[in-house]
Structures are given as structure tokens and as C-alpha cells.
Amino acid sequence: MDALNLALELILMPLVAFVVGLFMVLMMRKIAARIQRRVGPPLLQPLYDIIKLYGKQTQISHGLVHDIGIVMAVGGYVAAETLLPVPGMDGLADRGGLITLAYLMMIPSLGLALGVGQCANPNGSIGIARALTAMLAYDIPFVIVIFGVAWHYGTTNLADIIALQQAAGPGGWGAATMPLLALAGLFSVHAMLGKQPFEIYVAPAEIATGPMVEMGGKFLGGLFVMQTFQFYTAGVLYASLFLGGGENWLTFLVKAFAVVAIPMCIAFLFPRYRTEDLLKMIWKWPVLLGLAGLWLIMH
Amino acid sequence: MSDLKQIPIHAEGDAGGDPKSEGLFTRVFDELKAFCRSRSLFMLHYCTGCGAIELPPAMTSRFDMERLGIQPMVTPRQADILLVTGYVSIKTLKRIILTYEQMGGPKYVIGICSCTVNGGMYWQSYATAKVLNEYLPVDLYIAGCMPRPEAVITGMRQLMENIRTGKADNWKDYYRRYDHYLGNQQQLFGERWQTPTDVIGEADHYGLAGPETTGPHTALLQQHQVPLQPLEMRLGSRQERKP
Ligand code: SF4
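An unreviewed UniProt entry annotates chain B as NADH-quinone oxidoreductase B subunit originating from Thioalbus denitrificans.

In the nomenclature of an unreviewed UniProt entry, chain A is known as Membrane bound protein complex subunit mbxM of Thioalbus denitrificans. The UniProt entry for chain A carries the following comment under Subcellular location (unreviewed entry): "Membrane".

In C-alpha cells form, the structure reads like this:
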């Protein structure tokens, strides 16, 4: 019975992530539209896009590694979802822990790098080089934040971290007890989502969407699916670390959406940083904030 | 704005859509696919002529194409619509054809502006290609010099309707009658004209090859065709590279 339950959870959790992620993508596009005084896409637009892309008749593959790259990009996140507790479902959270999760969240970028490599498009190579550099940038504050939270609660088990915060109530949430780390975390979540001002690796007008340049049909569809997972992962992970996770589905969704909405509201007001400026900026502010936060919680 | 079929220039392409698939489930699935295709259009705007200037208002806050599910995309691989906005010079037409062949089907071509319909005010120019659908299967023309954003949006809505009802499948015509299109292209660009895309091979692969896919013009192409080769990897300084 236990194994059956677990299997069910492992199937349900990515599905939930996908559906919630679709609405997060919609929210992002709506926010962008509202900031630009437009109406924005209809409710099911992200779903239409994905079905359309998978339904393309001509699929242009550049070889096996191209295919595998997309599978890794989506698969990495699907695996990550099973480690992120949602209300009522813990999945593998108590077995995996934060460190496995941090590793799994890097797989999509690496998979993408593999796939783009085989496309042999110079724009793609430039894009993925920039994407990996950006990953190097935001992963450092991210790792500091994860280390800080694990230190503070004395565990890397996400389910325990959430339980501890919920037992302490809103005053005991990570955001209240570790405000500097929470700020640094928000910063790196923003960079992780790859939106302005940190979207130099996509840069549609200059390098033709970088890593996505040779992706059409189901490949682009796979990347759209990956994006839904990416939004969900970032939102839920942050909510679990700093906002006490979700006591029930309502608070869970409100928190996750709020976390994603904050960077989105900032993003569309900005142009983008160059890669080296992005590195300087991220290695200076969020890293300093994170280190100061670490110092605070250790003393 | 009008369908091709109402414009008195060579109406082409067979009207029928796909043969209807059997089974309730597949039919529902096909309907869903067609609906999603019509509601999600990524467009590649090839801004060749003055007509392009009416696109920004159609995309931005005043008319907002995104509410219809139409968004700009930047590479042919990702795009569904190729928007040709204005006169096409012979040089540009080569690039348009290259771009078109790299797009994944189903793909649609929209000719905006009178210049794409019949040459417009460049009718007497030696340097422009006049009737766009002699070189590419155009799905829809939006006439005007230049068409206002309202006309562009209405045209887009017409295309969406055509896609939903399965009428917009002119892209298959490019495979079915490749010889015809290639002939017109060769007339303009000379007989050594070729693109890196293997259109005949694709037609075979997707089962779209017809009796008119190959013919005298493709035979001519095959005489000149240089197969695509991977780029050579070379390391070292510039001097050493000299053969
Ligand atoms: S139809 Fe008029 S506006 Fe359009 S490309 Fe021709 S001259 Fe320019």
C-alpha cells in the first residue's frame, strides 16, 4: 500500500507542477501585458502553445543528442518536482533533501547545453555559453542560501524544514528569522527564472533566442513545458524555504504565485544586463547579502 | 484582405483538407489540434518593405495581437507564419525562400501590402519580384498600400478561421508542386539557384510527394546541386590555415 501511494504521488506531483506552472506562465505574460497596457493572452494560451508545438507536422531534429538534451531538460525538472513537498504529498522529499534538489535543478541547463551543442548554430552556442555563465552567477548565492537555511534548521530535509516553520507560525517563517538570506534567495530566484534584467542569454533581437534558436516543433514544446516546471520549482522551493510551505492548497498556491509574481513585476520594467555586468552584480549584492545573512544566523 | 481564391491571379492549391481520419477519438484529437493551431500562431515578420511599419501598432498596446495568441518569434524554426510585409526585391526573395524552407509545417505565408499581390507601385521595377505566390504558396493576402493594423488583424482572424476549419494547407502545395515553384524561382535567379533544404527528400518523408514534385526544373537543380557539407573544424593561426 505504501509503495502504491508513493507511486501515485510520484505521478501526481509532476502533473500538479505542470498545471500550476501553466498558470504561472500565464501570469507572467499577463503581468507583462498589463505593464505594457495590453490585454494579454487568453486563459489557456500556454496550453494552446504547447499542444500546437507538439502537433507540428514537420519536426526538425539535429540528431540523437539534440533529442536527449530536451529529455534531460524536462526530465531534470520532473525529478525535481518529486522532491518538492506539496500539501498532502511529500513524495521523495524526506529521502532526497535539499542537496539532491540543488543538483537536479542544474540538470536542465546542462541538458540544454548538450542539445544546443549538436544544433551547431553559432547563436545557440553563444546563448548557451551565456546561460551557463549566468548559472554560475546565480548558483553561488543560491548555494549560500540553501546552506544557510539548512544550518538554521539543522536539517536538509525539506519536509522537516516546512514542518518546523509551520509549527512556529508566521513569526517563525524563514523570511522573518533570516530576512537577509530571504532577500538573497529572491534575487537568485529572479536570475534563475531568466527574465529581464538577467535574460542576456535569450536576447531575441540579438542572438535570436540563443539556446532556442534551432528548436522548433516538439523541441520548443519541450522547452515550453520545461519553463512551466521551472516557474513552479522556483516558486515552490522559495515558498518552502522561507514562507513555511503550504498548510493547505490555498495558502500553498497563493505563496507560490506570489513568489513568482515579485520578480515578474520587476522584470518587465528593465532592459538587460550584459553577461559580465550580470556576473558582477550577482556576485556582489546577493552574495554579500547571503554572507551577511549567514553571519547573522551563525551568531 | 481576402483569400487567394477570390483574387483573380492564378488560384492554386487543392481546396480540400486532410482526408478525414476515422474513429471518434482521432477526430476529436484532430479538431483539438486544429483549434490549438489556430489559437497559437508564432509569426516571423520578414520586414522587407514599407508595410512593416504598421506591424508595431498591431502588436503593441493599441491592437495587441497577443490576445489572439499571435506572438512574434525570431527564427524560422519556431515560427508558423511568415509575414512578408511589402515589396520583395529579387535579392530579398532568395532570403525569404531560404527562410520559408526552414520552417516546420504546417506553416503559413501572409503577403501584406499590394506590392506582394501584384507588384504594386513597383510594377515596372526590374528589381522586384511581383507576384509572391508564384514563388511561395501564399495563404492569405492583405492588400492595401499599406494596410492599416485593423486590416492586419482582420486578416489574421481570417487565417485563424481557415486554420481551424482545415482550409489553410497551402504549405503542402509547395511539396506537391515543387517543380512549379522551383521553375519560377529559377526563372528569376538563374538555373544555378539552390537552397540547402532538400525539399524533395522532405516531400518523400512526409508522404506529400505528388506527380508534380519533380519535373524538368528539379532535374536541372540536381545537375548543379552541391551537397551540404559540415563545416571543417580548424584550429591554429590564420597563416597556418592557408592551403
Ligand atoms: S504596397 Fe505600398 S506600403 Fe506596401 S510595400 Fe508596396 S509601396 Fe510600400
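A. Highlighting the domain arrangement of chain B. All names here are of chain B. Its domain assignment divides chain B into domain 1 (25-167) and domain 2 (169-225). Between the C-alpha centres of domain 1 and domain 2 the distance comes to 22 Å. In this assembly, 20 residues from domain 1 lie in contact with 18 residues from domain 2. With both sides pooled, the region where domain 1 packs onto domain 2 buries about 1,700 Å², and carbon together with sulfur makes up 63% of that total. When residues of domain 1 are sorted by the area they lose upon contact with domain 2, E101, Y135 and P137 head the list and together hold 34% of the total. Along the contact surface separating domain 1 from domain 2 lie 0 salt bridges. No other element matches the 7 residues that helix α3 (residues 90-102) contributes to the side of domain 1 that touches domain 2. Grouping the amino acids of the side of domain 1 that touches domain 2 by side-chain chemistry returns 11 nonpolar, 3 polar and 6 charged.

B. Representation of the confidence of the model for chain B. All names here are of chain B. Per-residue pLDDT for chain B has a mean of 81; in total, 86% of the residues score no lower than 70. Confidence drops under pLDDT 50 across residues 1-17; counting only partners more than four residues distant or on other chains, this segment forms 37 contacts. Reported confidences for the modelled complex are a pTM of 0.86 and an ipTM of 0.80.

C. Representation of the pattern of salt bridges within the structure. Residue and element names in this part refer to chain B. For the structure on display, the rule yields 13 salt bridges over all chains. Measuring nitrogen to oxygen at the nearest pair gives 3.7 Å for the salt bridge that ties R148 to E150. Residue classification places R148 among the partly exposed residues on the basis of a relative accessible area of 48%. Given a relative accessible area of 37%, E150 falls into the partly exposed group.

D. Here's a closer look at helix α12 (residues 249-267) of chain A. Residue and element names in this part refer to chain A. Given a rise of 1.5 Å per residue, 19 residues ought to cover 27 Å, and the 27 Å separating the end C-alpha atoms of α12 matches this to within 8%. Restricting attention to buried positions, one finds in α12 the residues F252, K255, A256, V259, V260, A261, P263, M264 and A267. Tucked inside the fold, the buried residues of α12 contact α1 (2-35), α9 (179-192) and α11 (217-242). Looking at where α12 begins, the residue whose side-chain oxygen comes 3.1 Å from the main-chain nitrogen of L250 is N248.

E. Fine view of the interface of chain B and chain A. In this complex, chain B contributes 31 residues to the contact, which on the side of chain A involves 33 residues. Regarding the contact of chain B and chain A, the summed buried area is about 2,600 Å², with carbon and sulfur atoms giving 54% of it. Considering only the surface of chain B that becomes buried against chain A, E66, R77 and Q78 of chain B emerge as the three largest contributors, covering 24% of it. Counting the contacts that link chain B with chain A gives 6 salt bridges.

F. How the structure looks around the nonpolar core. Ranked by size, the top nonpolar core spans 93 residues in total, and within it Y232, L237 and F242 of chain A carry the most contacts. Here this core takes 16 residues from α11 of chain A, the largest share from any one element. The contacts of L237 of chain A, once residues within four sequence positions are left out, are L84, L98, L101, M105, F142, L158 and Y232 of chain A. Ranked by size, the runner-up nonpolar core spans 32 residues in total, among them A79, L82, I97 and L132 of chain B.

Reading the values: the criteria
Residues numbered from 1 in each chain as written. Chains lettered and ligands numbered in written order. Predicted model: local features only at pLDDT ≥ 70, side-chain atom pairs only at ≥ 80, totals over all residues. Heavy atoms only, no water. UniProt positions renumbered as here; feature names shortened; annotations may be inferred. Domains from an automatic or database assignment. Contact = heavy atoms within 4.5 Å. Buried area = accessible area lost by both parts, 1.4 Å probe. Salt bridge = Lys/Arg side-chain N within 4 Å of Asp/Glu carboxyl O. Helix = DSSP H or I, 4+ residues; strand = E, 2+ residues; numbered from the N terminus. Nonpolar A, V, L, I, M, F, W, Y, C, P; charged D, E, K, R; others polar. pLDDT = per-residue confidence, 0-100. Buried < 20%, exposed > 50% of the residue type's maximum accessible area, 1.4 Å probe, protein only. Expected span 1.5 Å × (residues − 1). Polar contact = N/O pair within 3.5 Å; in protein donor to acceptor, adjacent residues only side chain to side chain. Core = buried A, V, L, I, M, F, W, Y, C linked by side-chain atoms within 4.5 Å.

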